[in-house]
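# Inside the fold
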There are 2 protein chains.
Amino acid sequence: MSSLVCSLPSVSGTTTTPANDSPDLPRSFEYLVYPAFEPLDFSGPFDALNYVGSLYKLDIHLISETLDPVTTRPSSAGMIPQNSSTFFQILPTTTLTTAPDLDVLIVPGGIGSRSPYLNSTIHFIRDRYPKLKYLLSVCTGALLCSKSGVLDGRNATTNKRSYKSITATNDKVHWVPEARWVTDGNIWTTSGVSSGIDGMLALIRCIYGDDVVTNVVNSMEYERHVDAHYDPFAAVWNTTSA
Amino acid sequence: MSSLVCSLPSVSGTTTTPANDSPDLPRSFEYLVYPAFEPLDFSGPFDALNYVGSLYKLDIHLISETLDPVTTRPSSAGMIPQNSSTFFQILPTTTLTTAPDLDVLIVPGGIGSRSPYLNSTIHFIRDRYPKLKYLLSVCTGALLCSKSGVLDGRNATTNKRSYKSITATNDKVHWVPEARWVTDGNIWTTSGVSSGIDGMLALIRCIYGDDVVTNVVNSMEYERHVDAHYDPFAAVWNTTSA
């Protein structure tokens, strides 16, 4: 099973709050956003970082292929069987070609992660990974990371409802069928949708310590899952028979 | 203590899935968005509705004073002590003056809910409430509902970290200091931030039944709180001494 130990020696296993100006602390957190990303994959971890931003200097950038608004609406009408209109549009702050250096890259999932038109986004993950302090994927964001090659030979997990279809695309990854989130080195992958909140909170604890994550969850009024191996949805979606 | 009974007789207490074309089902869900709203207050309940939209015809509108992008960034730099840049901008779909008839109005909270410049938003809540099937506030969104007068004489709750300051503004409301969410007639108010997910899931169960809410939570991989009275954060923020 995957390790839960923090990957940066400077903060490994810390349970105290690091100095606000510690050079080991990440400053730049960047989200990849693309058409039909999942709202909660993005905003759950975002909200947790928002609270950390009141305690530590950090900047969040939203990266997309262009600066045009990015919609959560699936491009294929077939994805909306009731012809419902349930989407919003968000504004990126930078592009794949203009994105500044980053410390932490966050890759949300969503129906759009299956799009065949995300090659430049996949190449961005591959090209930027060597300089990252951490890479965090949420839900089917793991599919984009997998396609970039950075998960080859690593332990990783993904959305459990889509587990079999996602994991079938890359047998070089050591897919974990039952986990809320998985860490392998500096790569963190979470299960579906809401599990991104727990994965990000675990990463926040890893980086900033217990005092900070307690402050964040009390402010969010969120009872976080602290056991990465706890995953009731593995049984719901029968992933362990994969 | 508040009632948990659904307020629409047609679905009251239902545990089965209503017909997709039932005239009693709400079709139009509208979010009020304003500067410095809380990301998760908005997107947690939004994501749950997103899944319902694949099963039932529903439309979500984002209402703001104008069609300009709405930022989650606090207008006062004093709200960002570390000078962090942790915000995003979202595009409204309609305005307070052009919003269509709506069935369900959702009012997220956030630092911006304390703004003295939201009178037109507060008047919108007051003017639209009589025709709503449901009103749901998340976190300090209850402050805007309270200022509109629709909570007078009702049971309601709000963010627990801000409980004392919010409740002190209106003694005509029967504030509940310990609750994940509170229902009173067709008005649902939730506690802070992440509790909006549980409040919306309870409303979804109320409207669509157990089968639908189970489908939604399994897709979101979210273990919802099913007891509206369960509130560990009341003790954290010492609300019961208010």
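You'll find the structure just up there.
The text that follows walks through the structure, step by step, so that each part is easy to find. (Residues numbered from 1 in each chain as written. Chains lettered and ligands numbered in written order. Predicted model: local features only at pLDDT ≥ 70, side-chain atom pairs only at ≥ 80, totals over all residues. Heavy atoms only, no water.)

## Digging into the overall build of chain A
Filter applied, for reference: Strands here mean DSSP runs of E at least two residues long; helices mean DSSP runs of H or I at least four residues long; both are numbered from the N terminus. Only C-alpha atoms enter the radius of gyration, while the globule expectation follows 2.2 Å times N to the 0.38, with N the number of residues. Under the scheme applied here, a residue whose accessible area is under 20% of the maximum for its type counts as buried, over 50% as exposed, and between as partly exposed, the area being computed with a 1.4 Å probe on protein chains only.
In terms of regular secondary structure, chain A is built from seven helices and eleven strands. Against the 2.2 N^0.38 benchmark of 18 Å for 242 residues, chain A shows a C-alpha radius of gyration of 17 Å, consistent with a compact globule. In terms of principal-axis extent, the alpha carbons of chain A reach across some 50 × 40 × 35 Å. Here chain A, with 242 residues, has 61% of them falling under the buried criterion.

## Let's talk about the state of the cysteines
Operational definition: Sulfur atoms of two cysteines make up a disulfide when they are within 2.5 Å.
In total, this model carries zero disulfides over all chains according to the counting rule given. Counting only cysteine sulfurs, Cys-139 of chain B is the nearest neighbor of Cys-145 of chain B, a cysteine outside any disulfide, at a range of 12 Å.

## Thoughts on the sheet that holds strand E5 (residues 94–95) of chain B
Residue and element names in this part refer to chain B. Heads up, the rule is: A pair of strands is treated as paired once DSSP finds two or more bridges between them. Residue contacts follow a heavy-atom distance rule, with two residues in contact if any of their heavy atoms lie within 4.5 Å. Only the contacting stretch of a helix is used when fitting its axis, a line to C-alpha atoms as for every element, and angles between N-to-C directions run 0 to 180 degrees.
Read from one edge of the open sheet, seven strands run E5-E2-E1-E6-E7-E11-E10, paired in mixed fashion. The open sheet has two edge strands with one neighbour each: E5 and strand E10 (181–184). Of the strand pairs in this sheet, strand E2 (residues 59–64) and E5 are connected by two bridges, and their pairing is parallel. Counterpart to Ile-63 in the pairing with E5 is Thr-94. Helix H1 (residues 39–52) contacts strand E1 (28–32), E2 and strand E6 (104–107) of the sheet and is inclined by roughly 170° relative to E1.

## Re the environment of Asn-159 of chain A
Threshold: Between N or O atoms, a polar contact is any pair within 3.5 Å; within protein, one atom must be a potential hydrogen donor and the other a potential acceptor, and residues adjacent in sequence are included only when both atoms are from side chains.
When you line up the elements, Asn-159 of chain A lands in the loop between strand E8 (155–156) and helix H4 (163–167). In this structure, Asn-159 of chain A is in contact with Cys-139, Thr-140, Thr-190, Ser-191, Gly-192 and Val-193 of chain A together with Ser-219 and Glu-221 of chain B, ignoring residues within four places of it in sequence. Of note is the side chain of Asn-159 of chain A, whose polar atom sits 2.7 Å from the backbone nitrogen of Ser-162 of chain A.

## A look at the sheet that holds strand E4 (residues 89–91) of chain B
Judged by pairing direction, the sheet is antiparallel, and its four strands sit side by side in the order E3(A)-E4(A)-E4(B)-E3(B) without closing on themselves. In the strand order of this sheet, the two ends are held by strand E3 (70–71) of chain A together with strand E3 (70–71) of chain B, each with one partner. The sheet contact formed by strand E4 (residues 89–91) of chain A and E4 of chain B spans three bridges and is antiparallel. If you follow Gln-89 of chain A over to E4 of chain B, its bridge partner there is Leu-91 of chain B.

## Some thoughts on the pattern of salt bridges
Let me state the cut-off plainly: Between Lys or Arg on one side and Asp or Glu on the other, a salt bridge is scored when a side-chain nitrogen of the former is within 4 Å of a carboxyl oxygen of the latter.
Inspection of every chain in the model, using the stated rule, returns twelve salt bridges over all chains. The closest approach of N and O atoms between Asp-210 of chain A and Arg-205 of chain A, which form a salt bridge, is 2.5 Å. Residue Arg-205 of chain A is classed as partly exposed on the basis of its relative accessible area of 26%. A salt bridge links Asp-231 of chain B to Lys-160 of chain B; the nearest nitrogen and oxygen atoms lie 3.0 Å apart. Here the residue Asp-231 of chain B occupies a position in the loop between helix H6 (210–220) and helix H7 (232–236), and Lys-160 of chain B occupies one in the loop between strand E8 (155–156) and helix H4 (163–167), the gap between them amounting to 71 residues. By relative accessible area, which is 5% here, Asp-231 of chain B ends up buried.

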